[in-house]
Every structure is written in C-alpha cells, then in structure tokens.
Amino acid sequence: MDHESAWYEIRLEGRIDPRWAAWFDGMTLTHADGTTVLHGRVADQAALHGLLQRLRDLGLPLLSVDRIDTNQPQRKPL
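If you're wondering where the values come from, they're calculated on a predicted model, not measured in any experiment.

A tally of regular secondary structure across the protein gives one helix and four strands. Seen in sequence order, the protein has helices and strands lined up from the N terminus as β-β-β-α-β. Taken across its 78 residues, the protein has 24% of its residues classed as buried. Considering only intrachain contacts with a sequence separation of at least 6, the fraction spanning at least 24 residues in the protein is 69%. Counting every atom, the protein has about 5800 Å² of accessible surface; 50% of that belongs to carbon and sulfur.

Rendered as structure tokens:
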C-alpha cells in the first residue's frame, strides 16, 4: 500500500465560503450545482484523515472522496 502523497478530489453537499480555503492546507475550493469540491495534494493517509475530520466539523454532508491517479492520461471529452 502506498502511503506517500496523492491528489484527491473531495465533494461535499453545500457551499464552503472561500475564506475557509486556508483551513484546508492549500486545497482548491470550487462550487457547482450546490456542492463544494476540494482538490489538491494530500501528504499521506494521516493528513487525509485530519482533513476529513475538519470537514466533518463543518457539518456538511460528504458526497465523495476520490484519489486521482495522475499517471493515467487524461481523457478528452467527446
């Protein structure tokens, strides 16, 4: 199992104000269709769990957590 840093995309129901961005270790916050998406590199599993605890404390429902494989070529939309 790989314990090194990885890119993640975390989707929450609701909107997190951009002023909270510093609280999420430099992750990018975007908004779409009533959701907030955090995207960025997470140092390791311990950091991921810490991030998820902070998100839990905000009280917004967690919709998904996806590890992004940066080694696969990106597919172009049709």
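Before going further, it helps to spend a moment on the environment of D66. Counting through the fold element by element, D66 comes out in strand 4 (residues 62–68). Residue D66 is classed as partly exposed on the basis of its relative accessible area, which comes to 36%. Residues D66 and I10, spaced 56 residues apart in sequence, show a C-alpha to C-alpha distance of 6.3 Å. In this view, D66 contacts W7, Y8 and E9; residues no more than four positions away in its chain are not counted.

Strand order in the open sheet made by the four strands is 2-3-1-4, with antiparallel pairing throughout. Whereas interior strands pair on both sides, the edge strands pair on one side only; in this sheet they are strand 2 (28–32) and strand 4. The average undirected angle you get between the axes of adjacent strands in this sheet is 20 degrees. With eight bridges joining them, strand 1 (residues 6–13) and strand 3 (residues 35–42) adopt antiparallel strand pairing. Each residue of the ladder has a partner; that of E9, found in strand 3, is H39. Most of the contacts of helix 1 (residues 45–58) go to strand 1, to which it runs at about 15 degrees, and overall it touches strand 1, strand 3 and strand 4.

Criteria and thresholds
Residues numbered from 1 in each chain as written. Predicted model: local features only at pLDDT ≥ 70, side-chain atom pairs only at ≥ 80, totals over all residues. Heavy atoms only, no water. Helix = DSSP H or I, 4+ residues; strand = E, 2+ residues; numbered from the N terminus. Buried < 20%, exposed > 50% of the residue type's maximum accessible area, 1.4 Å probe, protein only. Contact = heavy atoms within 4.5 Å. Areas by Shrake-Rupley, 256 points an atom, 1.4 Å probe, with all protein chains shown as cover. Pairing = 2+ DSSP bridges. Axes fitted to C-alpha atoms, helices over the stretch in contact; angles between N-to-C directions.

Everything listed here is a matter of coordinates, which is why it stays silent on function.
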